[in-house]
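Residue strings, one per chain:
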There are 2 protein chains.
Amino acid sequence: MKEVRVGICGLGTVGGGTYNVLTRNAELIAGRAGSPIRISRVASRRRRDDIDLGDIPFSNDIFEVTRADDVDIVVELIGGYDVARELVLAAIENGKHVVTANKALIAVHGNEIFEAAAKQGVIVAYEAGVAGGIPVIKAIREGMAGNRIDWIAGIINGTGNYILTEMRAGRAFDEVLKEAQAKGYAEADPTFDVEGIDAAHKLTILASAGFGVPLQFERAYTEGISRITPYDIAHAELLGYRIKHLGIARRRENGIELRVHPTLVPQSHLIAQVDGVLNAVLVDGDAVGQTMYYGPGAGDEATASAVIADIVDVARSVAAESRQRVPYLGFEPDALENLEVLPMEDIQSAYYLRIQALDRPGVLAKVASILSEHGINIESIMQKESELEDGKIPVIILTHTVQERQINRAIEDLEALSDIQEKVVRIRAENFN
Amino acid sequence: MKEVRVGICGLGTVGGGTYNVLTRNAELIAGRAGSPIRISRVASRRRRDDIDLGDIPFSNDIFEVTRADDVDIVVELIGGYDVARELVLAAIENGKHVVTANKALIAVHGNEIFEAAAKQGVIVAYEAGVAGGIPVIKAIREGMAGNRIDWIAGIINGTGNYILTEMRAGRAFDEVLKEAQAKGYAEADPTFDVEGIDAAHKLTILASAGFGVPLQFERAYTEGISRITPYDIAHAELLGYRIKHLGIARRRENGIELRVHPTLVPQSHLIAQVDGVLNAVLVDGDAVGQTMYYGPGAGDEATASAVIADIVDVARSVAAESRQRVPYLGFEPDALENLEVLPMEDIQSAYYLRIQALDRPGVLAKVASILSEHGINIESIMQKESELEDGKIPVIILTHTVQERQINRAIEDLEALSDIQEKVVRIRAENFN
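Residues numbered from 1 in each chain as written. Chains lettered and ligands numbered in written order. Predicted model: local features only at pLDDT ≥ 70, side-chain atom pairs only at ≥ 80, totals over all residues. Heavy atoms only, no water.

A. A look at the pairing of strand β4 (residues 73-76) of chain A. Residues and elements named next belong to chain A. Residues Ile73 and Val75 of β4 are buried on one face, and the alternating residues Val74 and Glu76, pointing to the opposite face, are buried as well. The pairing of β4 with strand β5 (residues 97-100) spans four bridges and is classified as parallel. Counterpart to Glu76 in the pairing with β5 is Thr100. Following the chain from β4 across helix α4 (residues 82-93) to the adjacent parallel β5, one finds a crossover that is right-handed. (Buried < 20%, exposed > 50% of the residue type's maximum accessible area, 1.4 Å probe, protein only. Helix = DSSP H or I, 4+ residues; strand = E, 2+ residues; numbered from the N terminus. Pairing = 2+ DSSP bridges. Right-handed = clockwise from strand over helix to strand, strands pointing away.)

B. Just the relation of the copies chain B and chain A, in detail. Placing chain B over chain A gives an RMSD of 0.1 Å and needs a rotation angle of 180°, together with 0.0 Å of translation along the axis. Both copies are brought into coincidence by an operation consistent with a two-fold rotation axis. Residue Tyr293(B), judged by its C-alpha, is the member of chain B lying nearest the rotation axis, at 2.5 Å. Of the interface residues in chain B, 100% have counterparts in chain A that sit at the interface too, so the contact is made through matching surfaces. (Least-squares fit on C-alpha atoms with pLDDT ≥ 70 in both. Contact = heavy atoms within 4.5 Å.)

C. Molecular detail of helix α2 (residues 26-33) of chain A. All names here are of chain A. Most of α2 sits inside the fold, with six of its eight residues counted as buried. Within α2 the residues assigned to the buried category are Leu28, Ile29, Ala30, Gly31, Arg32 and Ala33. Backbone geometry just downstream of α2 places Gly34 in the positive-phi region, at approximately 85°.

D. View of the side chain of Thr159(A). Residues and elements named next belong to chain A. Among the structural elements, Thr159 can be located in helix α7 (residues 158-167). Within polar-contact distance, the side chain of Thr159 engages the side chain of Asp193 at 3.4 Å. With residues near it in sequence (within four places) discarded, Thr159 still touches Tyr185, Ala186 and Asp193. (Polar contact = N/O pair within 3.5 Å; in protein donor to acceptor, adjacent residues only side chain to side chain.)

E. A look at the layout of surface pockets. Considered as a void within the structure, the largest pocket measures approximately 1500 Å³ in volume. Residue assignment for the lining of the largest pocket shows that the elements contributing at least two residues are α1 (13-24), α5 (103-120), α7 (158-167), α9 (191-194), α10 (197-211) and β11 (278-285) of chain B. Looking at the lining of the largest pocket, its residues break down into 18 nonpolar, 21 polar and eleven charged. For the lining of the largest pocket, the domains that each give at least three residues are domain 1 (4-133 + 300-335) and domain 2 (138-296) of chain B. What the second largest pocket holds in volume is close to 1200 Å³. In terms of lining, the second largest pocket is formed by 38 residues, of which the most central are Val14(A), Lys103(A), Glu187(A), Asp198(A) and Ala298(A). The set of elements that each furnish at least two residues to the lining of the second largest pocket consists of α1 (13-24), α5 (103-120), α7, α9 (191-194) and α10 (197-211) of chain A. (1 Å grid on protein atoms, 1.4 Å probe; cavity = no way out; pocket = protein on both sides within 12 Å on 5 of 7 lines; lining within 4 Å. Points joined across faces, edges and corners; volume = space filled by probe spheres on them. Nonpolar A, V, L, I, M, F, W, Y, C, P; charged D, E, K, R; others polar. Domains from an automatic or database assignment.)

F. Geometry of the interface of chain B and chain A. On the chain A side, the residues contacting the 56 residues of chain B number 56 residues. The contact between chain B and chain A buries some 4700 Å² in all, and 58% of this surface belongs to carbon and sulfur atoms. At the boundary of chain B and chain A, one finds four salt bridges. Across the pair Arg24(A) and Asp286(B) runs a salt bridge whose closest N-O atoms are separated by 2.9 Å. (Buried area = accessible area lost by both parts, 1.4 Å probe. Salt bridge = Lys/Arg side-chain N within 4 Å of Asp/Glu carboxyl O.)

G. Up close: the sheet that holds strand β6 (residues 124-125) of chain B. Here we have six strands laid out as an open sheet, ordered β3-β2-β1-β4-β5-β6 (chain B), and parallel in their pairing. Looking at which strands have only one partner, the edges of the open sheet turn out to be β3 (58-59) and β6 of chain B.

H. A look at the UniProt feature "domain: ACT" (unreviewed entry) in chain A. In this numbering, the UniProt entry assigns the feature "domain: ACT" (unreviewed entry) to residues 352-429 of chain A. In residues 352-429 of chain A, helix accounts for 31% and strand for 35%; the two terminal C-alpha atoms are 7 Å from one another. (UniProt positions renumbered as here; feature names shortened; annotations may be inferred.)

The structure is reproduced here in structure tokens:
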């Protein structure tokens, strides 16, 4: 039983967690992997006082790990784009297998990395990059291998979900964001999380693994949650919906939809019940139907759980002397389809509209006739006299499914009305059917 | 690219679904598997008019498939214990890999089957046996390989969950069961489903794959839902709980708890929201924390989805010329622990008690003092004068966590009171913390 030697690059949150769990559960993990997993090297910008590395060689030079003879798997946990890319390509060049938790790296440089890895016949595994400890890449690439996957929808950013959950109590976005920062749930610069960039990285990877298409992060649409108000959250609830920041990928005949934005989901759907910092990914396959994978999307040991699952996968494959048993994106390279990401105007969705209309006779009729002219059917409409303020009353509308193009044209016409002097609020809605 | 040849034994619900999905998604599946998957033989008691087998050889003798030279994987979808056991052992003896959806077979004869397969160096895969289309065996054996799994709790019988869901509207068990039978959700003889035997088969497998212990179905405790009343469901709801028929496996220092019974779960927990025929499995690992896997637990194509995932796994491994890459129970044979299943009196749980007491002064004090004598602390107690009937008032109690032994002794003492002339209703409760 040959041991498998792991070099850890990066000793931050996830690096520390990986070190601790690999050490604590060493015997159990060997029993599962079929080989002992030994941490042979650790490299990081600085040592950590709270982690006892024993006699494991430590270096400040992460590139040393990619060259070391006593390393079979390079575990990249430094994050970021450029240095991580260099590190991973150097590891591959030197014939090392790679395990990474870096979604930005895979979403942006994945095509290049997988091509290099295929040439060298090494494994690149990235389960920890998507939804932290939830084994959703495995579920998609392996557990649903018999399915044509039709769509994927996920709460894949814990910070955003925490903020939206707290806002249900009527609190404003800015206030909750500050609290999230104080609690350590949000970064000092929250852009990546609240504007949907982090979620778009993960969604890009999910879509490629699910549909068998190349990674196309630069084509992903992102819309953040910073403009969501407690008012809209409350009115969505009155309509029987909840606002979640979803990443949605949907396969269409002529391309794929790839989009992150605030979305109304039915309160009765399980994904509406996923609160706080937790993550969940819904996957719909033509054979299995809807499945959902739920758990912690971040955290030191939760993410380490996914990193180690990948290490065990490599160890099991290495022992079996195989090459990458599961293709990088779940499909063999020549089975990848060149489906393009569709422009947002081509996507189909239902829409929540909030229209601040002047309290004049006939406004409702004008709104309804504009929607009708654009072929938009209304599912619900709400207007309460009691909400009259400054001479304006909000009209809340939930539409049936239409093309985004239709809604945009209708909104242009609505905003041209003299009775409507504010921007129309537009939030997409999904019924998952 | 060598093709992988599959022989399907059994052309019932799951066999038909497997045939249809493998045929419909053949190209996509080949793209994932790295090899074309060809159905080379089908055998079943009778042909099906609604399935066009084309020029695939059909036989009424399923054992022919285990002997055929043109079969790499025998797919056992006939169900039951004895013939299925013979079939699978014959396939293994002939050097075939085996994929099965048969939980009863694995739970009861799994140890023997895995031993035979290990000797022959063939794969035996059984994802479809547990929770239908949900890839939970993969999540546990692979996705959580870095974790010490502490407990597993699942809604793993759709029939039972459907009945309990409908009973929340105040309907009686018998009435809902009849309706479920009419809709095809329940068998004519519903014993396997409503008495927890089917769930115990699945739980046995989950526990062994999670904890690394031999299969011990004969030690599993089962208690059905036939004695659950709408009254208790309503009162559990008043306490903030929902009654679910759960399979629970928990690792203790001296053994494992392995038990299927009606259980109160907090309404706020995601698993309480899993309604109707759907399944969900909660898995708690020391690194990742709680994860949940949700989806359809039965159905032709949903179960086929899991069967095909296993076929693709075998194809990927065969192409890599490996032996069973993932050990049968997730742990290498010499890493299995001989943990025994604990007697039910040793398990720990909270309890819901319903005591029909005569409306006499001092009864509540007597009840409280008996519980206290047995070291049982009360979390909630409810008694409503308005529920007085025939001189009796129900006392509803939710306890803190205690050993089942304590509760049983206390119930004996309670039932010995002259004020209590009926059996005490006792339902276990879990808070998942």
